[in-house]
Amino acid sequence: MNSYRTAYFIVLATIVLATLVATGCGEADTQSGPERSAESSQVVATGLAGTTALVTVTEGTNLALALSSDRRQIALSLQGVLFTMPVTGGLATRVIDVYHDAREPAWSADDTQIAFQGYRNGNWDIWQVAAAGGTPSPIAQDPFDDRRPQFSPDGTQLAFSSDRTGNYDIWV
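Summarised in this report is the structure supplied together with it.

## Here's the deal with the pattern of salt bridges
- Taken as a whole, this structure holds six salt bridges when the rule is applied.
- The salt bridge partner of D101 is R103, with a shortest N-O separation of 2.4 Å.
- Its relative accessible area of 22% is what places D101 among the partly exposed residues.
- Measuring nitrogen to oxygen at the nearest pair gives 2.7 Å for the salt bridge that ties D142 to R164. Pair noted here: D142 is in the loop between strand 10 (137-140) and strand 11 (146-151) and R164 is in the loop between strand 12 (158-162) and strand 13 (169-171), with a separation of 22 residues, a long-range link.

In structure tokens:
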């Protein structure tokens, strides 16, 4: 990773972490925390069992966040690259290669796996990878547009949207 890109991710990680700390890492009071400006957007990182954290983002393109169920890690996809990072601070760690165009991460119930939608094979498929990193495995790999995976709270099922019937429906 070149130094410009590394610096960009460190700055982004600092913004995300500072916001998480300032907002109480998911407290329901949206009036507390850093000043809101017209240039910023609020993003809710959602994990299993309703765990959420409010994040104020001032810059980012194709950004999605997911909070682990133990509230210790964030999975984030930024510009198609999947990272994890601790909510307490530190560097973001790339989980997979840059060729999957990873989007919409979702943690497994035990926080050991991350599902995501990826465009590696020319259409959106559902993939899964160890949270520590590694080689992703396809979960739904077909000619259809499969998106937005989400594990069930008990971790036994994975739901996602797909246009298999001509409409976007939920599949498990």
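## Comments concerning the sheet that holds strand 3 (residues 63-67)
- Strand order across the open sheet formed by four strands is 3-4-5-6, with antiparallel pairing between neighbours. Edge strands, defined here as strands with exactly one partner in the open sheet, are strand 3 and strand 6 (93-94).
- Here strand 3 runs beside strand 4 (residues 73-78); their pairing, made up of five bridges, is antiparallel. Pairing of A66 across the sheet is with A75, part of strand 4.

## Description of the nonpolar core
- Listed in full, the 12 residues of the largest apolar core are A66, A75, L82, V95, I96, A102, W107, I114, F116, W127, V129 and A131.
- For this core, the elements supplying multiple residues, two or more each, are strand 8 (113-118) and strand 9 (125-130).
- Setting aside residues up to four positions removed in sequence, L82 forms contacts with L76, S77, T93, R94, V95, I96, A102, P105, I114, F116 and V129.
- Of all hydrophobic cores here, the second largest spans nine residues; its members include L76, L78, F83 and V87.

## Comments concerning unusual backbone geometry
- Unlike most non-glycine residues, R71 shows phi in positive territory, near 60°.
- Within the secondary structure, R71 sits in the loop between strand 3 and strand 4.
- Its relative accessible area of 31% is what places R71 among the partly exposed residues.
- The residue E104 is not glycine, and still its phi comes out positive at about 55°.

So, how was this worked out
Residues numbered from 1 in each chain as written. Predicted model: local features only at pLDDT ≥ 70, side-chain atom pairs only at ≥ 80, totals over all residues. Heavy atoms only, no water. Salt bridge = Lys/Arg side-chain N within 4 Å of Asp/Glu carboxyl O. Buried < 20%, exposed > 50% of the residue type's maximum accessible area, 1.4 Å probe, protein only. Helix = DSSP H or I, 4+ residues; strand = E, 2+ residues; numbered from the N terminus. Pairing = 2+ DSSP bridges. Core = buried A, V, L, I, M, F, W, Y, C linked by side-chain atoms within 4.5 Å. Contact = heavy atoms within 4.5 Å.

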